[in-house]
Each structure stands twice: as C-alpha cells, then as structure tokens.
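Next come the chains, spelled out residue by residue.
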Amino acid sequence: MPLKTNNLRYIINLTKVLGISFVLLFVNLGYAQEIIEDTAEVEKANKKVDTTKTKNAKKVDGVAAVVGDYIVLDSDIDKTFLQLKAQGVNTDEIESCQLFGKLLEDKLYAHHAIQDSILIPDSEIRRNVDYQIQQFLQQTNGSMEKLLAVYNKEDEASFREEMFEINKANMLAQRMQAKIVEEIEITPEEVRTFFKKIPEEERPTFGTELKVAQIVAEPKISEEERQKVIDRLKQFKADILENGASFRSKAVLYSEDPGSASRGGKYTLNRKKPQMVKEFREVAFSLQEGEISEPFKSDFGYHIIMLEKIRGQEYDVAHILLSPKVSSAAVKEAKERLEGVRKKITDSIISFSDAAKEVSDEKETRNDGGQLINPTTQDYNFELTRMDPELYAQIQNLKDGEISLVLREEDRTGKVKFKLLRVTDRIDEHTADYARDYLKIKQLALEEKKIKAIEDWQESHIVDTYIKISGDYRDCDFTGNWLKK
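Worth saying up front: this structure is predicted, and the values here are computed from it rather than measured.

Caption draft 1: Looking closely at the packing of helix H7 (residues 188–196) against helix H15 (residues 438–463). Contact geometry of H7 with H15 gives a least axis separation of 9 Å together with a crossing angle of 90°. With respect to each other, H7 and H15 are oriented roughly perpendicular. In this structure, H7 uses Pro188, Glu190, Val191, Phe194 and Phe195 to contact H15, whose residues at the interface are Tyr438, Ile441, Lys442, Leu444, Ala445, Glu448 and Lys449. Among the residues forming the contact of H7 with H15, the class breakdown is eight nonpolar, no polar and four charged.

See below:
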C-alpha cells in the first residue's frame, strides 16, 4: 500500500526555525548530509547555473534522493527516528514519508540559497556550533569524551566540522525561507476577507485574556555610591593605559557581568544585528581599535569598554561592569513609598493609572498608566494559558480592579524592586470576534499569506531543480510535485 504524507507543515510559524530543525541538528550529527561535488570549479562559485543538469553528480550507494547539490541517504530516516526518540520527541504520529518530505524541503531551500548567493559568515556559524556544543555537554556532565562516543566521532575537530556543515545547511534553508516572505504584508481588506471566509462554526477560539498594570518603586542609589563606582572604573582605565595592566584580567577579577566575566568581558557585536543595549552599542561603535571608553551608564550599571578588533561589521570588545550598591535603608524607603501609594489608591485619593504616571520608576509602562505590553503580541492582552509563570503566580488570585499587596522582586544580578499589580480588564474564553481580536486575526491572515507564498515558491522551484527520488520513497503521496509527474 502506498505510503501517505502531507509534508510536515512546520513552515506554518515562519518567524521561527522550522519546527524540528533544531532536533534534526542533533540527529544529523551521526551522519552529515553529503554534498555532491562539482567537477568544474566554475560551478563552485555562487553563481546561478542550470540546476536541472546532473552530469557532474556522482553516484553514491544508498542515496534515497538528490535535491540540487544535496543528497539524502537511505539510512537517514531510520537514524532520524531513533535520534528523535532519544531527544524525547513523540514520533508515534510522524510517518517516514513525512520526515523524508521535511528533509527534501530543507535541501531545496539550502540549495537555492546558494544559487541566490545568500552568504552566512563562518564566524556566525561557528558561534552557533560553540553554543550547541555547550548545550550538548550538559547532557554528558561536561565530558567531551562521552559526547563524542554518543555521536560516534573520533575527535572533537571532526565533530565540530560536521556540526559546522549541518548548521550551515540549516541556516541557509532558514535564510532562504525568510527571503521568500520578507516583503509580504497584508492589508485590512485582506484581513477582513480572510475572516469572512472562515465558516462561523470553524472560527478559532481564544483563551481567557487579561490586561495587567503595575507601579514600580526602585530603591534610590546615592550620588556618593554612583561616583564611587565611576571613580573605580576610571582607576581601572588608568592602570591599564599607564601601567600596562590587562583589561581582560581586570574583567575576570572585578566585572559584575555574569555572562562575560569568565571570558575576560569579551563580546562580539554586529552592526546589523543589535545584541546589547543601545548605550553599550553606541559607545562600542564609536571607539577605535585599542581605545578604552570613559565610564558610561546603562540599565545594568556602569561600564568601560575596550575595542579589541574590527572585522567588517563585527566588533570584538571587552567590558567591565560595576553596579552601584543599594543600601538597606534605600530598600526600606522604596517599600514604604509604594505602601503609601497603595493606601492613596485604595482610599480613592488617586487612581491607579494616575499614580503610575506620577510615581512609577518603570519608564516603559508609566506613560500608559502602568499597562504591561505583551512582548509576544505587542498589545496589552495576556492569554492566561501563555502568561509568564511568575506574572501568573502574582495575579492569579486578584479580582478585576483589585490591587495586589506590595510585591518584592529580585533579578539574577541581585537588583531589588517593589511593585503593585492590578488586573485592569478580563476577557473570558471566546470565539474570535473581528473587532475585538483584530490583531490576532491579522496575524493568522498574514501567516496564511506567507504559507501560500512558500507553497508557490516551492512548486515553481521543484520544477527547475534536479530532483531524483529513489526506492520505496517514490510511493510517498507528496503534496508537492517532488516526483515531477
């Protein structure tokens, strides 16, 4: 009986990596997908060629499929299933043809990314590899020897090189997909049409949603403590410039940035990809190689930066972070200040919204009366089942309009703040309503339009790409015309 598939629709959420791509990175470590070598050097350059020509493709035993310059091996599917199970993925409802179709799609995107001259810097790929190896090592208690045994590799160098090729292919596929949909937009009329064509009984249901507001009080740092930190950073700079002290060593010994202190304060910034806070980037990009900045302030504290190397758009920097210390008296004052605000609100002397505008120390929310913005949807609504667990724990017992007690929060750096919370609106679970849920409906309509663009692109590029499916996989019931019938 023919195998059936609907090619896994992991492309639905196009703003994320394809659903199982990260897991497939793990599984591919045991068997890197090979690339067919071209005999003509001119075809190795990233220029467009007729990809339906195959005279340079070498026959490889056990090839299940060839897609452009990439091959998929017969053994890949079985090994993929085994490794998916090892990673805790439920494979009961994943058919062989589905997984095979997913591999075909990935290779098609990667192949045409090369044809379209999409370039990914080696340094970016290797950073991914470094991060992933650290994640892998957590599974083996930090033992590289055990990790190599798990993935049947003789040494770390060959393991890293194979991971490099896998990452490169995956990233090329992702960039190609992003390029296909990058300019797609949707009009209000298209959103309306999308919604109207959904039968009323099939319209989506949205879960209970809340709007939450907060007022924040942060302990005040004395000017004396601020100046103490600035003077200490200036001393570090003078010692480095005048006495030849090591910037990296001082970062290891004194920096309060847990993410970089052990690396001597090192970060690599890219002008095209914002990574650090705005203040940090502006100072870093204004320096010359070897120059050390004056102390400057960010939300994390005070920094000095040394620019080590400029490599095109990438800047290798090192920094030292010191945070002014908050006194116990200041912590007590912040709490009492917020308790006083709460009393004025409960006594109806001032509204919650007006109090937020007047006294809240959180600049991101105070102008909106303390209303929190959902970072996922960029609106004020928080779906209860998807709410941050910490926020949910703080508001779960609040009635609409009720004000919480003064809550204390402490982040991973030890920074303390106090806050009041209030549920300002509650929308119970309901069937999608065009006016109320416009932003969600718009996102669904945009995703559908992107899916259609991906499908159209895939259909046209399957036709002009050399694709050969071998063996039993020719019996798969593909949604795409992979067999070119």
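Anyway, onward from the coordinates.
Caption draft 2: Representation of helix H4 (residues 122–139) in the model. In this model H4 runs 26 Å from its N-terminal to its C-terminal C-alpha over 18 residues, within 8% of the 26 Å that 1.5 Å per residue would give. For H4, the full list of buried residues reads Glu124, Ile125, Val129, Gln132, Ile133, Phe136 and Leu137.

Caption draft 3: Main features of the sheet that holds strand E2 (residues 70–73). Taken together, three strands build an open sheet; the order of strands is E2-E1-E13 and the sheet is antiparallel. Two strands in the sheet have a free side with no partner beyond their single neighbour: E2 and strand E13 (467–469). Across the sheet, the mean angle from the axis of one strand to that of its neighbour is 20°, orientation sign disregarded. Pairing of strand E1 (residues 63–67) with E13, which is carried by three bridges, proceeds in the antiparallel orientation. Its bridge partner lying in E13, Val67 is registered against Ile467.

Caption draft 4: A look at the packing of aromatic side chains. The final tally for this structure, using the stated rule, is nine aromatic pairs. Considering the side-chain rings of Phe100 and Tyr473, the 4.3 Å spacing of their centres and the 25° angle between planes classify their relative orientation as stacked. With a gap of 373 residues between them, Phe100 in helix H3 (residues 96–115) and Tyr473 in the segment after E13 connect regions that are remote in the sequence. Look at Phe100 and you get buried, because its relative accessible area is 0%. The interplanar angle of 85° and the centroid separation of 6.5 Å between the aromatic rings of Tyr267 and Phe280 together place this pair among those described as edge-to-face. Linking Tyr267 in strand E5 (residues 266–270) with Phe280 in helix H10 (residues 278–286), this pair joins segments that are 13 residues apart in sequence. A single burial state applies to Tyr267 and to Phe280, both of which are buried. By the ring-pair criterion, three or more aromatic residues cluster together here, those being Phe100, Tyr473 and Phe478. Across from the ring centre of Tyr267, 5.3 Å away, lies the NZ or CZ of Arg263, which sits over that ring.

Caption draft 5: Layout of the state of the cysteines. Within the structure shown, the criterion is met by one disulfide. In this model, Cys97 is linked to Cys476 through a disulfide, with the two sulfur atoms separated by 1.8 Å. Handedness of the Cys97-Cys476 disulfide follows from its S-S torsion of about -80°: it is left-handed. You can see Cys97 sitting in helix H3 and its partner Cys476 sitting in the segment after E13, a full 379 residues away along the chain. Its relative accessible area of 5% is what places Cys476 among the buried residues.

Caption draft 6: How the structure looks around a nonpolar patch on the surface. Together, Val252, Leu253 and Tyr254 line one region of the surface with nonpolar side chains, adding up to about 290 Å² of accessible area. With respect to the helices and strands, Val252 occurs in helix H9 (residues 247–254).

Caption draft 7: Here's a closer look at H9. Looking only at H9, the buried set comprises Phe247, Lys250 and Ala251. Viewed along the axis of H9, the buried residues span an arc of 105°, placing them on a single side of the element. Buried positions along H9 lie against helix H8 (223–243), strand E7 (301–311) and strand E8 (314–322).

Caption draft 8: A look at the pairing of strand E11 (residues 416–427). Two elements, strand E4 (residues 209–217) and E11, share nine bridges in a ladder whose sense is antiparallel. The residue bridging Leu210 from the neighbouring strand is Arg426, located in E11. Here strand E10 (residues 407–410) runs beside E11; their pairing, made up of four bridges, is antiparallel. In the sheet register, Glu410 faces E11, and the bridge partner there is Val416.

Caption draft 9: Highlighting the side chain of Lys440. Structurally, Lys440 can be placed in helix H15. Look past the residues within four positions of Lys440 in its chain and what remains in contact with it is Phe206, Glu209 and Asn381.

Caption draft 10: Highlighting the pattern of salt bridges. Throughout the structure, instances matching the rule amount to 28 salt bridges. The salt bridge involving Lys102 is made with Asp106; its shortest N-O contact spans 2.8 Å. Note that Lys102 and Asp106 are positioned in helix H3 at a spacing of four residues, about one turn of the helix. Through salt bridges with shared partners, a single ionic network connects Arg127, Arg311, Glu314 and Asp316.

Caption draft 11: Representation of the nonpolar core. Phe100, Leu104 and Ile469 are the most contacted members of the largest nonpolar core, which has 52 residues in total. For this core, the elements supplying multiple residues, two or more each, are E1, E2, helix H2 (76–86), H3, helix H6 (156–181), H7, H15 and E13. With nine residues, the single largest contributor to this core is H3. The next biggest cluster of nonpolar side chains, apart from the first, holds 16 residues, and it includes Ala334, Ile345, Phe352 and Leu420.

Caption draft 12: View of the packing of H6 against H15. For the pair H6 and H15, interaxial distance at closest approach is 9 Å and the crossing angle is 115°. Here H6 is positioned roughly perpendicular relative to H15, judged by the angle of their axes. Between H6 and H15 lies a crossing of right-handed hand. Contacts from Met176, Gln177, Ile180 and Val181 in H6 reach Lys450, Ala453, Ile454 and Trp457 in H15.

So, how was this worked out
Throughout this document, residue positions are counted from 1 along each chain, in the order its sequence is written. In keeping with the predicted nature of the model, local features appear solely for residues at pLDDT of at least 70, side-chain atom pairs appear and are counted solely at 80 or more, and the whole-chain, interface and lining totals rest on all residues. In computing side-chain properties, one takes all heavy atoms of the structure into account and sets aside hydrogens as well as water. Axis definition: a line fitted to C-alpha atoms, over the contacting stretch in the case of helices. Angles run 0 to 180 degrees between N-to-C directions. Helix numbers and strand numbers start at the N terminus; a helix is a DSSP run of H or I with at least 4 residues, a strand a run of E with at least 2. Comment on the angle field: the value is read as roughly parallel under 35 degrees, roughly antiparallel over 145, roughly perpendicular from 65 to 115, and oblique elsewhere. Any pair of residues with heavy atoms lying within 4.5 Å of one another is described as a contacting pair. For this classification, the nonpolar set comprises Ala, Val, Leu, Ile, Met, Phe, Trp, Tyr, Cys and Pro, the charged set comprises Asp, Glu, Lys and Arg, and every other residue, Gly included, is treated as polar. To estimate the expected span of a helix, subtract one from its residue number and multiply by 1.5 Å. Burial classes: relative accessible area under 20% of the type maximum marks a residue as buried, over 50% as exposed, and values in between as partly exposed (1.4 Å probe, protein chains only). Should DSSP find at least two bridges between two strands, the strands are regarded as paired. In this analysis, rings of Phe, Tyr and Trp, with Trp reduced to its six-membered ring, are considered paired at centre separations within 6.5 Å, and the interplanar angle assigns stacked below 30 degrees, edge-to-face beyond 60, and tilted for intermediate values. Note on criteria: charge over ring means Lys NZ or Arg CZ within 6 Å of the ring centre, with the direction from the centre no more than 35 degrees off the ring normal. Count a disulfide wherever a pair of cysteine sulfur atoms falls within 2.5 Å. Patch definition: residues above 30% relative accessible area lacking any salt bridge, with like charges linked at up to 9 Å and the nonpolar side chains Val, Leu, Ile, Met, Phe, Trp and Tyr linked at up to 5 Å. Here the accessible surface of atoms and residues is derived via Shrake-Rupley with a 1.4 Å probe, and residues count as covered only by protein chains that are part of the display. Salt bridges are counted wherever a side-chain nitrogen of Lys or Arg sits within 4 Å of a carboxyl oxygen of Asp or Glu. When we speak of the arc, we mean the arc of directions from the helix axis to the C-beta atoms. Buried residues of nine kinds, namely Ala, Val, Leu, Ile, Met, Phe, Trp, Tyr and Cys, make up a nonpolar core once their side-chain atoms join them within 4.5 Å. Working rule for handedness: look at the near helix, and if it is turned counterclockwise from the far one by less than a right angle, call the crossing left-handed; if clockwise, right-handed.

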